[in-house]
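Chain by chain, the residues run as shown.
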Amino acid sequence: MSGSLVRIVVVEDDPSLQLMIRYNLDKLGYDVSAYPEAEQAWDSISRNRPDAIVLDWMLPGMSGIDLCRRIRGTASLHDLPVLMLTARADEQDSIRGLDSGADDYIAKPCSIEALDARLRALLRRTQPAKQNILTFADLQLDLQTHRAERSGRQLVLGPTEFRLLEFLMRHPRRVFSREDLLQKVWGSNVHVELRTIDVHIRRLRRALNLDHEFDYVRTVRSAGYALDDQA
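Residues numbered from 1 in each chain as written. Predicted model: local features only at pLDDT ≥ 70, side-chain atom pairs only at ≥ 80, totals over all residues. Heavy atoms only, no water.

Per an unreviewed UniProt entry, the recorded name for the protein chain is Phosphate regulon transcriptional regulatory protein PhoB, and the organism is Swaminathania salitolerans. In its Function (unreviewed entry) section, the UniProt entry covering the protein chain states "This protein is a positive regulator for the phosphate regulon. Transcription of this operon is positively regulated by PhoB and PhoR when phosphate is limited." In its Subcellular location (unreviewed entry) section, UniProt records this for the protein chain: "Cytoplasm". (UniProt positions renumbered as here; feature names shortened; annotations may be inferred.)

Set out below in structure tokens:
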């Protein structure tokens, strides 16, 4: 996958649930578009294919099942990852959703962590080659071999700096606070000082940049850090 944001289309007619899903996926670094009806979503995805779709079963007008079937019947979209979001708990309903072409399903209500995990699993299965290599400007990160390069030059990164660079390359040009980075890179159960982030940012900069090279790690005063190729 490139350094660009993963594009997700959410189709959910419940306004509060749609807002909650969109807000939280956005916070996780996805590029999210949301629609209350299947026809509106179809107009969007048929013009600009996303990386995955979160699709509610019960929708006004065209149902989620029918939209999924239309997606599977369209050559340019037939392999688009579809995660069915449903309040139906009956096993036969779940089977029907999968038979219509959905790749996976998750029952409402669900935690955003569970939804994120299902999406990441879908993307790994459907885009394995893209998932192994991240690129941004002249940076390249190989997640399988744990090798990092800049303009072909091998970078020497510690494990934490590697994870930090991976996260920033997955979400380029987005500003993340120290708290955000601590949660996303270190995890919510790890207790370290916020200033530890600054130490690892300095180490990452030293590894990335020779004297003449542009510093991609931008410090945003009172806000945090971003990976950016614009001065």
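Peer 1: Honestly, helix H2 (residues 38-47) in this entry has me stumped. Any pointers?
Peer 2: In an α-helix, one turn spans 3.6 residues, which is why side chains three or four residues apart end up on the same side. Residues of H2 that are buried include every one of Ala-38, Ala-41, Trp-42, Ser-44 and Ile-45, and no others. Taken end-on, H2 shows its buried residues confined to a sector of 170°, consistent with a single buried face. Buried residues belonging to H2 abut strand S1 (7-11), strand S2 (31-35), strand S3 (52-56) and helix H3 (64-72). (Buried < 20%, exposed > 50% of the residue type's maximum accessible area, 1.4 Å probe, protein only. Helix = DSSP H or I, 4+ residues; strand = E, 2+ residues; numbered from the N terminus. Arc of directions from axis to C-beta. Contact = heavy atoms within 4.5 Å.)

Peer 1: Sorry if this is basic, but what is going on with the sheet that holds strand S4 (residues 82-86) here?
Peer 2: The pairing of strands in a sheet happens through backbone hydrogen bonds and is either parallel or antiparallel. One open sheet holds the 5 strands; their spatial order is S2-S1-S3-S4-S5, and the pairing between them is parallel. Among the strands making up the open sheet, the edge pair consists of S2 and strand S5 (104-107). Ignoring which end each strand starts from, the neighbouring axes of this sheet average 20° apart. Sheet topology places S1 next to S3; 4 bridges connect them, and they run parallel. Looking at S3, one finds that Val-10 is bridged to Val-54. Contacting S1, S2 and S4, helix H1 (residues 15-27) crosses the sheet at an angle of about 170° to S2. (Pairing = 2+ DSSP bridges. Axes fitted to C-alpha atoms, helices over the stretch in contact; angles between N-to-C directions.)

Peer 1: What exactly am I supposed to notice about the sheet that holds strand S8 (residues 147-150) here?
Peer 2: Spatial strand order, S6-S7-S8-S9: 4 strands in an open sheet with antiparallel pairing. Only two strands of the sheet have a single partner each, and these edge strands are strand S6 (133-136) and strand S9 (153-155). For this sheet, the mean inter-axis angle between neighbouring strands, taken without regard to orientation, is 25°. As paired strands, strand S7 (residues 139-142) and S8 are joined by 4 bridges and run antiparallel to one another. For Asp-142, the partnering residue across the bridge sits in S8 and is Arg-147. Of the strands in this sheet, S6, S7 and S8 are in contact with helix H7 (residues 159-170), which crosses S7 at around 115°.

Peer 1: Even after reading the chapter, I still don't get the packing of aromatic side chains, so can you show me in this structure?
Peer 2: The geometry of an aromatic ring pair is captured by two quantities: the separation of the ring centres and the angle between the planes. Enumeration over the complete set of coordinates arrives at 3 aromatic pairs. Here the aromatic cluster, defined as three or more aromatic residues joined through ring pairs, consists of Phe-136, Phe-214 and Tyr-216. In this structure, Arg-70 is placed above the aromatic ring of Trp-42, and the distance from its NZ or CZ to the ring centre is 5.1 Å. (Phe/Tyr/Trp six-rings, centres within 6.5 Å; stacked < 30°, edge-to-face > 60°. Lys NZ or Arg CZ within 6 Å of the ring centre and 35° of its normal.)

Peer 1: Just checking my understanding: could you explain the UniProt feature "modified residue: 4-aspartylphosphate" (unreviewed entry) in the protein chain for this structure?
Peer 2: When the UniProt feature table is mapped onto this chain, "modified residue: 4-aspartylphosphate" (unreviewed entry) is found at Asp-56. Residue placement: Asp-56 occurs in strand S3. The class of Asp-56 is buried, set by a relative accessible area of 3%. Residue contacts for Asp-56: discarding those within four places in its chain leaves Val-11, Glu-12, Asp-13, Gly-64, Met-84, Leu-85, Thr-86 and Lys-108.

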